[in-house]
Amino acid sequence: MNLAIIETERLILRKMKASDDQALFQIFNDPKAMKFYLHTKSMDETKLWIQSVQNHDMSYGFSLWTVEKKGGKQIIGQCGLLLQKVDGTIEVELGYLFLQDFWGKGYATEAAQSCINHGFQNLGLTRITALIDPEHHASRKVVVKIGMKKEKQIIKWDKPIDVYSIQAGGVSVD
């Protein structure tokens, strides 16, 4: 069974498998990678995360996907689209998280852009958001680079979160 959803120049984004737990745990258990999240995850929490992602995919036809580097099939992160409540409204959110060794090399931008394109072209979405901690400068850089614009700031997860968005056709809400 082919699990590949998106292929870019350097990456394959595919459906998440239970066997991805070790690779994803490396990210989820890294305090630096998880700095802007509520907490790091244990191996059990990582396995539950994978199950929730798989359930989301089965229910909605999209979710976060495992990101592999082409060639060696090395898992370097996760990236994709999921439903998220934003100010009382259900929105489609772009999310991504990568191993530290792959930061600053354009992988997050490449994967995020491919997810935006997939959402608009293949899933028929008309709007995609990203929820970014105001202090997470690298993540903000990624969403700005792919054409998202800051729309507003909300309180979510008991802290301020910046909401970025883009509309189909590349027109963002200002």
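Let me begin by describing the structure that accompanies this report. (Residues numbered from 1 in each chain as written. Predicted model: local features only at pLDDT ≥ 70, side-chain atom pairs only at ≥ 80, totals over all residues. Heavy atoms only, no water.)

A general feature of soluble globular proteins is that nonpolar side chains tend to end up buried together. The biggest cluster of nonpolar side chains holds 43 residues, and the ones touching the most others in it are L13, C79, L94, Y96, F98, I128 and M148. The leading source of residues in this core is helix α3 (residues 107-121), at seven residues. Look past the residues within four positions of C79 in its chain and what remains in contact with it is L13, L64, W65, V67, L94, G95, Y96, F98, A111, A112 and C115. (Core = buried A, V, L, I, M, F, W, Y, C linked by side-chain atoms within 4.5 Å. Buried < 20%, exposed > 50% of the residue type's maximum accessible area, 1.4 Å probe, protein only. Helix = DSSP H or I, 4+ residues; strand = E, 2+ residues; numbered from the N terminus. Contact = heavy atoms within 4.5 Å.)

Another aspect to go through is the pairing of strand β4 (residues 74-86). Here β4 lies mainly inside the structure; ten of its 13 residues are buried. Where strand β3 (residues 64-69) lies against β4, six bridges are found, and the strand directions are antiparallel. Within β4, the position partnered with W65 by the bridge is C79. Connecting β3 to the antiparallel partner β4 that follows it, the hairpin turn spans four residues, and G71 within it adopts a positive phi of roughly 100°. As judged from the ten bridges shared by β4 and strand β5 (residues 89-98), these two strands associate in the antiparallel manner. Looking at the pairing, Q78 lines up with L97 of β5. What sits between β4 and β5 in their antiparallel hairpin is a turn of two residues, with D87 showing a positive phi close to 55°. (Pairing = 2+ DSSP bridges.)

Below, the discussion takes up the environment of Y96. Considering the arrangement of structural elements, one finds Y96 in strand β5. Residue class for Y96 comes out buried when judged on its relative accessible area of 12%. In this structure the C-alpha to C-alpha distance between Y96 and F120, which are 24 residues apart in sequence, comes to 18 Å. If near-sequence neighbours (up to four positions away) are discounted, Y96 is found in contact with Y37, Q78, C79, A108, A112, I132, S139, V142 and V143. Among the polar contacts listed, one links the side chain of Y96 to the side chain of S139, at a separation of 2.8 Å. (Polar contact = N/O pair within 3.5 Å; in protein donor to acceptor, adjacent residues only side chain to side chain.)

Here α3 contains 15 residues, and its C-alpha end-to-end distance of 21 Å stays within 8% of the 21 Å for a straight helix at 1.5 Å per residue. Buried residues dominate α3, accounting for twelve of its 15 residues. Restricting attention to buried positions, one finds in α3 the residues Y107, A108, T109, E110, A111, A112, S114, C115, I116, H118, G119 and F120. (Expected span 1.5 Å × (residues − 1).)

Here the focus is unusual backbone geometry. Positive phi, close to 55°, is recorded for D87, a residue that is not glycine. Among the structural elements, D87 can be located in the loop between β4 and β5. Notably, D158 is not glycine yet its phi reads approximately 60°, a positive angle. Here D158 is to be found in the loop between β7 (149-156) and β8 (159-167).

To continue, consider the state of the cysteines. A complete count under the given rule lists zero disulfides for this structure. Left without a disulfide partner, C79 is nearest to the cysteine sulfur of C115, which lies 3.7 Å away. The class for C79 is buried, based on a relative accessible area of 0%. (Disulfide = S-S within 2.5 Å.)

So, about the pattern of salt bridges. On inspection of all chains with the given rule, the structure shows eleven salt bridges. The partner of K150 in a salt bridge is D162, with the nearest N and O atoms 3.3 Å apart. Of the two residues, K150 sits in strand β7 while D162 sits in strand β8, which places them twelve residues apart along the sequence. Residue class for K150 comes out partly exposed when judged on its relative accessible area of 44%. Of the residues examined, D162 reaches a relative accessible area of 5% and is grouped as buried. Because the salt bridges share partners, they merge into one network encompassing R14, D20 and E68. (Salt bridge = Lys/Arg side-chain N within 4 Å of Asp/Glu carboxyl O.)

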